[in-house]
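Single-letter residue listing:
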Protein chains: 2
Amino acid sequence: MPALLCAAEIAQRLAGLAGWQLKGRTIEKKFRFGGFREAIAFVDRVADLAEVADHHPDMLVHHREVTLVLWTHAAGGLTDRDFKLAADIERVD
Amino acid sequence: MPALLCAAEIAQRLAGLAGWQLKGRTIEKKFRFGGFREAIAFVDRVADLAEVADHHPDMLVHHREVTLVLWTHAAGGLTDRDFKLAADIERVD
């Protein structure tokens, strides 16, 4: 089980991730695309990363917007795995 | 602009769609799959139907569950387009 990060660690990691925000015990970011097709293609790319990481974000598709929500369910909050996956996703977008 | 359906019409159409529920001015259904991969494959199939219909459901992926929410934004509620797309999606699942 990965260790929960403390508030200071979370703030430090968030500072390195543009557009991600702390929401309760999760981090989330809204990605906007030119159209629905591009939004779905992004979902597919994130799904590939999620499978490799065995760590699955919640994904909300609203037409050309995709909101990703990350947290470590088994740990009950944010861990290193969430920030690693967020960083991987940033390299894809 | 498609016409808004009245409550009686909505009830009648919902009766023909297993698992879809009225939520405010939308209809929604939660689909459960054996794994994340299957859930994403379903999202992709729904996206293809949505593109053909030019009508785009909100889609929420939560690990192996996909929740679809349909309504006609331009009409401010439920129209024939929503029930047609829901019926198409039922044939895919």
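Here the structure is a predicted model, which is why all the values come from computation and not from measurement.

A. Looking closely at the relation of the copies chain A and chain B. With an RMSD of 0.0 Å, the fit of chain A onto chain B corresponds to turning through 180° and sliding 0.0 Å along the axis. Each copy turns onto its partner about a two-fold axis. Of the C-alpha atoms belonging to chain A, the one lying closest to the rotation axis is found on A:Leu60, 2.2 Å away. Both copies present the same face, since 100% of the interface residues in chain A are matched by interface residues at the equivalent positions in chain B.

B. Seen up close, the pairing of strand β2 (residues 26-32) of chain B. Residue and element names in this part refer to chain B. As paired elements, strand β1 (residues 21-23) and β2 share three bridges and run antiparallel to each other. By the bridge assignment for β2, Gln21 is matched with Glu28. Adjacent in sequence and paired antiparallel, β1 and β2 are bridged by two residues, among which Gly24 carries a positive phi angle near 60°. Inspection of the sheet shows β2 paired to strand β4 (residues 65-70) by six bridges, in the antiparallel sense. Residue Glu28 lies in a different strand from β4, and its bridge partner there is Val69.

Criteria and thresholds
Residues numbered from 1 in each chain as written. Chains lettered and ligands numbered in written order. Predicted model: local features only at pLDDT ≥ 70, side-chain atom pairs only at ≥ 80, totals over all residues. Heavy atoms only, no water. Least-squares fit on C-alpha atoms with pLDDT ≥ 70 in both. Contact = heavy atoms within 4.5 Å. Pairing = 2+ DSSP bridges. Helix = DSSP H or I, 4+ residues; strand = E, 2+ residues; numbered from the N terminus.

Keep in mind that these numbers describe shape and distance, not what the molecule does.
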